[in-house]
Amino acid sequence: MKKSIHRKRYQAIMEQLRKARKSKKMSQVALSQQLGYHQTYVSKYERSERRIDVLELIEICDALGVSVDEIVR
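Everything numeric in this text was worked out from a predicted model, so none of it was measured.

**Describing the pattern of salt bridges**
Alright, step 1. Applying the stated criterion across every chain, the model contains five salt bridges.
Alright, step 2. Note that R47 and E49 form a salt bridge whose closest N and O atoms lie 3.3 Å from each other.
Alright, step 3. The partly exposed category is assigned to E49, whose relative accessible area is 46%.

**What to know about the packing of aromatic side chains**
Alright, step 1. Across all of its chains, the model carries two aromatic pairs by this definition.
Alright, step 2. Between Y37 and Y41, the aromatic rings sit 4.1 Å apart at their centres with planes inclined by 20°, giving stacked as the arrangement.
Alright, step 3. In this structure Y37 comes out as partly exposed when scored by relative accessible area, which is 36%.
Alright, step 4. Judged by its relative accessible area of 9%, Y41 falls in the buried class.
Alright, step 5. Centre to centre, the rings of Y41 and Y45 are 5.6 Å apart; their planes meet at 75°, and the pair counts as edge-to-face. You can see Y41 and its partner Y45 sitting in helix α3 (residues 39–46), four residues apart, about one turn around the helix.
Alright, step 6. According to the relative accessible area criterion, Y45 is buried, its value standing at 0%.
Alright, step 7. By way of ring pairs, the aromatic residues Y37, Y41 and Y45 are connected into one cluster.

What counts, and where the lines are drawn
- Residues numbered from 1 in each chain as written.
- Predicted model: local features only at pLDDT ≥ 70, side-chain atom pairs only at ≥ 80, totals over all residues.
- Heavy atoms only, no water.
- Salt bridge = Lys/Arg side-chain N within 4 Å of Asp/Glu carboxyl O.
- Buried < 20%, exposed > 50% of the residue type's maximum accessible area, 1.4 Å probe, protein only.
- Phe/Tyr/Trp six-rings, centres within 6.5 Å; stacked < 30°, edge-to-face > 60°.
- Helix = DSSP H or I, 4+ residues; strand = E, 2+ residues; numbered from the N terminus.

Here it is in structure tokens:
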């Protein structure tokens, strides 16, 4: 079985997070500062080098002003 970061559905969710960030005209640095992390945190999950858990997904969505439902559908 593939690791979750390599599954198509996970990749699609990461793409939606990236699109949401860009649509808000927010840089990775700005988002990471809002989340309280280093810029590499955002970079790594957007490139699917790092897996995020459901609580992180909720925090990221809150910071972006989007619902989790918008991202995962």
